[in-house]
Amino acid sequence: MDPQLVKMAIGGLVLLGCIGLFFGIGLAIAAQKFAVETNPLIEEVLESLPLANCGGCGYPGCEGYAIEVVTNPDVPPNLCFPGKEKVAEKVAALTGKKMTAVEDTMAVVRCSRNEGKVSLKHHYLGFDSCTAANLAFGGPSACQYACIGLGECAAACPFDAIEMVDGFPEINPDKCVSCGVCVKTCPKRIIEIQTMKARVWVPCSSRDTGKAVTSVCEVGCIGCKMCVKVCPAQAVTYENNLIRIDHKACIAYGPSCEEVCVSKCPRDIFRYYDSRDMVKRDPASGLKMAG
């Protein structure tokens, strides 16, 4: 082999080695100079969270919440809905923040499409997605506010708490942790987070006039406002053509009203809320993520 070529090869390797060494030392110095010190308390808080990364706390994942609850004195320790009271107590103890009551809640579907025998105005052919179907003239249901039923909420639920039965979402109260993913996913905005202490509720989200509702649904709310008029606690209001219930006011008033809102509803769509009796949560069992 030509000695000149050997010298050139060796020289090239030495040069590359020197360049690599130079940049390596530079990167090491930069990493040391610009290193961000991690707060060990943040790591402890993060380890106490269920790591569901559902976003129900309002922050980007469990790490985002851990950083905020440690560094921001205004962020309470009980925002982890999947963790419930058990996790809230751990976070409060680690951060030295005051523990407040954790309200037990779950998602509810404010729609009675199947019960109301809502017909189809057209047959949807396209992507198997509620969002996509909603873009096609508001979905296939004759009621423009009805559940589309393609199961986008069930697919999005990180806790496998929603099962599609006859094209309609049924929420398992034992699995639902109120993370709110289904609420954000539903294009019809008919899923809400509701306290499990609620006494009554209205499984209908229609904002149509009474005549329009009765023409497409056998049980839908017609907006007669009878419930608003008879509620002694003034807990029922009619806002933007939709019945709203102030559950705190309703619960505070107590059962002395004998749920007159339920008995006076001419469509029987104002109903008792009985999901509390269905819950059999075991706090020690932990959370199971959907596969």
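Just so we're clear, the structure is a prediction, and the values are computed from it rather than from any experiment.

J.: Would you mind going over the overall build of the protein with me for this structure?
T.: When you go through the protein residue by residue, the secondary structure sums to 11 helices and 8 strands. In terms of C-alpha radius of gyration, the protein reaches 28 Å, well past the compact-globule figure of 19 Å for 291 residues. Principal-axis analysis of the C-alpha atoms gives the protein an extent of 100 × 50 × 35 Å. Here the protein displays about 17,000 Å² of accessible surface, and carbon together with sulfur accounts for 58% of that area. Seen as two clouds, the 30 positive and the 31 negative side-chain charges of the protein have centres 6 Å apart.

J.: Looking at this structure, I do not really get a negative patch on the surface. What am I missing?
T.: A contiguous patch of negative charge, built from Glu43, Glu44, Glu47 and Glu63, is present on the exposed surface. The element that contributes the greatest number of residues to the negative patch is helix α2 (residues 40–48), accounting for 3 residues. Counting through the fold element by element, Glu43 comes out in helix α2. Using a relative accessible area of 38% as the deciding quantity, one classes Glu43 as partly exposed.

J.: Would you mind going over the pairing of strand β1 (residues 105–109) with me for this structure?
T.: Every other side chain in a regular strand lies on the same face of the sheet, so the side chains alternate between the two faces. The element β1 is extensively covered by neighbouring structure, given that 5 of its 5 residues are classed as buried. Of the two faces of β1, the one lined by Thr105, Ala107 and Val109 and the one lined by Met106 and Val108 are each fully buried. Strand direction decides the pairing type here: β1 and strand β4 (residues 191–195), joined by 5 bridges, are antiparallel. What sits directly across from Thr105, in β4, is Thr195.

J.: Explanation requested: the pattern of salt bridges in the structure shown.
T.: A side chain of one charge can pair with a side chain of the opposite charge if their charged atoms are brought near each other. Scanning the entire structure with this criterion turns up 5 salt bridges. Residues Asp104 and Lys84 are paired through a salt bridge, measuring 3.2 Å at the closest nitrogen-oxygen approach. Residue Asp104 is located in the loop between α4 (84–95) and β1, and its partner Lys84 is located in helix α4; the two are separated by 20 residues in the primary sequence. Lys84 gets classed as buried once you look at its relative accessible area, which sits at 18%. Put simply, Glu115 and Arg271 hold a salt bridge, and the shortest N to O gap is 2.8 Å. With Glu115 in the loop between β1 and α5 (130–135) and Arg271 in strand β8 (residues 271–272), this pair connects stretches of sequence that are 156 residues apart. Taken together, the shared-partner salt bridges in this structure form one network comprising Arg110, Glu192 and Arg244.

J.: Explain α4 here, please?
T.: One full turn of an α-helix is made of 3.6 residues, so residues set three or four places apart face in the same direction. In a regular helix each residue adds 1.5 Å, so 12 residues correspond to 16 Å; α4 covers 17 Å between its end C-alpha atoms and thus fits that length. Burial in α4 covers these residues: Lys84, Val87, Ala88, Val91, Ala92 and Thr95. The buried residues of α4 occupy an angular sector of 135° when projected down its axis, which confines them to one face. Just past α4, the residue Gly96 takes up positive phi, approximately 75°.

J.: What should I look at first to understand the UniProt feature "binding site: [4Fe-4S] cluster 1" (unreviewed entry) in the protein in this one?
T.: With numbering aligned to this structure, UniProt lists the feature "binding site: [4Fe-4S] cluster 1" (unreviewed entry) at Cys54, Cys57, Cys62 and Cys80. In sequence the annotated residues extend across 27 residues, while in space they remain close, none of their C-alpha pairs exceeding 9.4 Å. Along the chain, Cys54 turns up in the loop between α2 and α3 (61–71). On the basis of relative accessible area, Cys80 is assigned to the buried category, the value being 11%. Other than its neighbours up to four places away in sequence, Cys80 contacts Leu49, Pro50, Tyr65 and Val87.

J.: So what exactly am I meant to see when it comes to the environment of Phe270 here?
T.: One can find Phe270 in the loop between α11 (260–264) and β8. Placed 205 residues apart in sequence, Phe270 and Tyr65 show a C-alpha to C-alpha distance of 37 Å. Among residues more than four places away in sequence, those in contact with Phe270 are Val200, Trp201, Val202, Cys227, Val236, Ile243, Ile245, Cys261, Val262 and Cys265.

J.: Where do I start with the environment of Leu41 in this structure?
T.: Mapping Leu41 onto the fold places it in helix α2. Apart from the residues lying within four places of it in its own chain, the contact partners of Leu41 are Val70 and Leu94.

Thresholds, definitions, all that
Residues numbered from 1 in each chain as written. Predicted model: local features only at pLDDT ≥ 70, side-chain atom pairs only at ≥ 80, totals over all residues. Heavy atoms only, no water. Helix = DSSP H or I, 4+ residues; strand = E, 2+ residues; numbered from the N terminus. Rg over C-alpha atoms; globule rule 2.2 N^0.38 Å. Areas by Shrake-Rupley, 256 points an atom, 1.4 Å probe, with all protein chains shown as cover. Lys, Arg positive; Asp, Glu negative; His and termini not counted. Charge placed at Lys NZ, Arg CZ, Asp CG, Glu CD. Patch = residues over 30% accessible without salt bridge, like charges linked within 9 Å, V, L, I, M, F, W, Y side chains within 5 Å. Salt bridge = Lys/Arg side-chain N within 4 Å of Asp/Glu carboxyl O. Buried < 20%, exposed > 50% of the residue type's maximum accessible area, 1.4 Å probe, protein only. Pairing = 2+ DSSP bridges. Expected span 1.5 Å × (residues − 1). Arc of directions from axis to C-beta. UniProt positions renumbered as here; feature names shortened; annotations may be inferred. Contact = heavy atoms within 4.5 Å.

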